[in-house]
Amino acid sequence: MDINTQLIHGYPVFDGQTGASSIPLYQASTFQQGGIDQPQDFTYSRFGNPTRQALEEAIAAIEGGRCGFAFASGMAAISSVLLLFEAGDHLVMCKSIYGGTFTLAETVLKRFGIRVTYVDEADPAAWEQAICPDTKALYLETPSNPLLKITDIRKAATLAKERGLISIIDNTFMTPQFQSPLSLGVDIVIHSATKFLNGHSDVVAGLVVTNDLELAEGIRQQQTVLGSILGVEDCWLVLRGMKTMGLRMAQSAATAQQIAAFLAAAPQVRTVHYPGLSGHPGAAVHASQATSGGAVLSFELADREAVLSFAAAVKLPITAVSLGGVESILSYPATMSHACVPPEERTKQGITDGLLRLSVGIEDACDLLADLQQALAQLTPAASKTVPAATPS
């Protein structure tokens, strides 16, 4: 099935008992049992709920996996996966990484005796060189947040298998529509379903998928013991949002490509970070493992003052934390997604005070381009400019 058909017919979308066109909300904490000694599928909603099970089957199906898990947030999903490891273990992570994941690694994991080494995600040799006898996993995020850096998924997954390591990827930016990490050899895929999978900025949720039954058992235990389950109403909302993900992502990504090319030519913009541009350092690798540049890009203006002027001038994108909604969202990583990252670490990662991230929504491209053009017109040209070529990769 192609994506739009799969999102409607490729998993339990319709209620098998009543024929209802959407899975019901089983708003129940407990379930009546047929007898004291009679096992049944559902007993208590922390252990399992029919609405949540439908969502878990849905994400597993569209990711091409065997087992799916729904969590109360993207960070709950990431935490539950990373807490599979124990004191003395070592993890290798990409350097350009979501701020929440970095904070988790530097606080909770460190307190539990789990060490992390950060590497240049675009350099396969760096991943291999960071592996030591205690290494247990490689953690990828590609494209990365917010600099859209690219990791070669096949090479990382192959390296992990050769060394007996677990490979984990955050696939939030690409979604299963544009990138299928399990088919490239990755063991565990994580999503912030708050973003494109739900797509309406009205849910906070996380999802995990794996083909490995042993890993699945560990993740399920974490989900149950930590209690970080997704509530049934939020499960239903994500199921509803997923039905239109194919259409939303196609529209947003096509517009993002146009906007990236426009910004690359704008004299007020120093740099554009978007893997759909041929001049992006990771464009060729990205094109080999994904079918689109995606709906998120970032770009650098001269400084913080230029950012403030630009953000005050734009009219259509809302200024907000998060991404992946039907509305375009403009974010300032230094005070939003990476505010929890120390300034010196942000500098190491390349997150400047002039960096803005744009999640492109489903508005008409012509209107978004006109709005961005009028906002940029109020700025002076950047002193230096290092933008990639604007042609599609």
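Residues numbered from 1 in each chain as written. Predicted model: local features only at pLDDT ≥ 70, side-chain atom pairs only at ≥ 80, totals over all residues. Heavy atoms only, no water.

J.: Would you take a moment to explain the pairing of strand β12 (residues 355-359) for this structure?
T.: Working note: regular strand, side chains alternate between the two faces of the sheet. Among the 5 residues of β12, 5 are classified as buried, and the element is accordingly described as predominantly covered. Burial along β12 is two-sided: the face carrying L355, R357 and S359 and the face carrying L356 and L358 are both buried. Both strand β11 (residues 329-331) and β12 contribute to a ladder of 3 bridges, which runs antiparallel. Within β12, the position partnered with L330 by the bridge is L358. (Buried < 20%, exposed > 50% of the residue type's maximum accessible area, 1.4 Å probe, protein only. Helix = DSSP H or I, 4+ residues; strand = E, 2+ residues; numbered from the N terminus. Pairing = 2+ DSSP bridges.)

J.: Where do I start with helix α3 (residues 74-82) in this structure?
T.: In terms of burial, α3 is largely enclosed, as 8 of its 9 residues are buried. When α3 is considered as a whole, its buried residues turn out to be G74, A76, A77, I78, S79, S80, V81 and L82.

J.: Is there a simple way to think about the packing of aromatic side chains in this case?
T.: Any pair of aromatic rings gets described here by the distance separating the centres and the angle formed by the planes. Under the counting rule described, the total for this entry stands at 4 aromatic pairs. Ring centres 5.8 Å apart and planes at 40° place the aromatic pair F31 and F42 in the tilted group. With F31 in the loop between α1 (3-9) and α2 (50-63) and F42 in the loop between α1 and α2, the pair connects residues that are 11 residues apart, well separated along the chain. For F42, a relative accessible area of 18% gives the class buried. Both rings, one in F102 and one in Y118, keep their centres 5.4 Å apart while their planes meet at 40°; by these two values the pair is tilted. With F102 in helix α4 (residues 99-111) and Y118 in strand β3 (residues 115-119), this residue pair connects regions lying 16 residues apart in the sequence. Since its relative accessible area comes to 7%, F102 is described here as buried. Given the relative accessible area of 23%, Y118 is considered partly exposed. (Phe/Tyr/Trp six-rings, centres within 6.5 Å; stacked < 30°, edge-to-face > 60°.)

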